[in-house]
Amino acid sequence: MTTEIRYLGHASFQILTGGQSVLIDPFLTGNPQAAASADDIEADAILVTHGHEDHMADVEAIASRTGALVVSNFEIVSWFQKRGVENAHPMHIGGRHAFDFGVLKLTVAHHGSMLPDGSCGGSPAGLILKTEDVTIYDAGDTALFSDMRLIGDEEIDVAILPIGDNFTMGPEDSVRATQFIRPGTVIPAHYNTWPVIEQDTDAWAAAIEKDTSALPVVLKPGQSFSFDGVA
Ligand code: NI
Ligand code: MN
């Protein structure tokens, strides 16, 4: 595949596809694991799963510097527009839209979404992004839920799942999620940023190998996954 999935630390990813840079949940400033700086990362689009600071801390700064299109639910997009972000596209759970970088659908996630100033950030979301050569499901921050089976019906190539526990599902539930989603590859996220979400990724990968048919791929911040391998 030509699409590259680059891990920036915590739940931040950069999808490089068809000449576009798509950021998911950019939290670089103040992220002890950040593999890039908000001052110079390139972005054509920024996808925001929910309103928590550790998913959108750098959205305004990157959007105002690059002019990147901000895509999120209606409430979060409205909030950014009131703060001066002009290039934005609101969606909502269950909706699908074709962008230059691929076809995006917002999915259910079980979590919160309050914005940093206490505003309502609508419902939290997961993302299914279908690029020209790969279908990626980023679950966002969520608990395990059995309707992940329906998401599995969308033939997911790569699933990005939180494994940190405490705020989201933990390693054991992420194994069950992988059984529901049936992806070819599963990448963990939302762990080891702070002590409360520390996890043993070797043990997690062994459990995925033992109990699912997916290939576990643990990326260090800064590493990229594509079907050519990890670089
Ligand atoms: Ni959150
Ligand atoms: Mn989070």
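No experiment lies behind these values; they were computed from the predicted model shown. (Residues numbered from 1 in each chain as written. Chains lettered and ligands numbered in written order. Predicted model: local features only at pLDDT ≥ 70, side-chain atom pairs only at ≥ 80, totals over all residues. Heavy atoms only, no water.)

**Some details on the layout of surface pockets**
Right, so step 1: Looking at the largest pocket, its volume works out to about 150 Å³.
Right, so step 2: Lining the largest pocket, in full, are Ile93, Gly94, Lys105, Leu106, Thr107, Val108, Ile128, Phe145, Asp147, Leu150, Ile151 and Glu154.
Right, so step 3: By residue class, the composition of the lining of the largest pocket is 7 nonpolar, 2 polar and 3 charged. (1 Å grid on protein atoms, 1.4 Å probe; cavity = no way out; pocket = protein on both sides within 12 Å on 5 of 7 lines; lining within 4 Å. Points joined across faces, edges and corners; volume = space filled by probe spheres on them. Nonpolar A, V, L, I, M, F, W, Y, C, P; charged D, E, K, R; others polar.)

**Quick notes on the side chain of His190**
Right, so step 1: Structurally, His190 can be placed in the loop between β12 (185-189) and α6 (201-211).
Right, so step 2: Looking at His190, its side chain comes within polar contact range of the side chain of Asp54, at 3.2 Å.
Right, so step 3: At 3.2 Å, the side chain of His190 and the side chain of Asp141 are in polar contact.
Right, so step 4: If sequence neighbours within four positions are ignored, His190 has contacts with Tyr7, His10, Ala11, Asp54, His55, Asp141, Pro162, Ile163, Gly164, Phe167, Thr168 and Ile197. (Helix = DSSP H or I, 4+ residues; strand = E, 2+ residues; numbered from the N terminus. Polar contact = N/O pair within 3.5 Å; in protein donor to acceptor, adjacent residues only side chain to side chain. Contact = heavy atoms within 4.5 Å.)

**A closer look at the coordination of the nickel ion (ligand 1)**
Right, so step 1: For the nickel ion (ligand 1), the full set of protein donor atoms is His50 (NE2), His52 (ND1), His111 (NE2) and Asp141 (OD), at a range of 2.2 to 2.3 Å.
Right, so step 2: Taken together, the 4 donor atoms coordinating the nickel ion (ligand 1) span angles of 87 to 174° at the metal, a pattern that classifies the geometry as irregular.
Right, so step 3: Distance-wise, the manganese ion (ligand 2) is placed 3.1 Å from the nickel ion (ligand 1), both being coordinated by Asp141. Within this pair, whereas His50 is found in the loop between β4 (45-47) and α1 (53-56), its partner Asp141 is found in the loop between β10 (135-138) and α4 (148-152), the two being separated by 91 residues in sequence. Exposure class is identical for His50 and Asp141. Each is buried. (Donors = N, O, S within 2.8 Å, 3.2 Å for Na, K, Ca; no water. Tetrahedral: all angles 85-135°; square planar, octahedral: opposite > 155°, others 65-115°. Buried < 20%, exposed > 50% of the residue type's maximum accessible area, 1.4 Å probe, protein only.)

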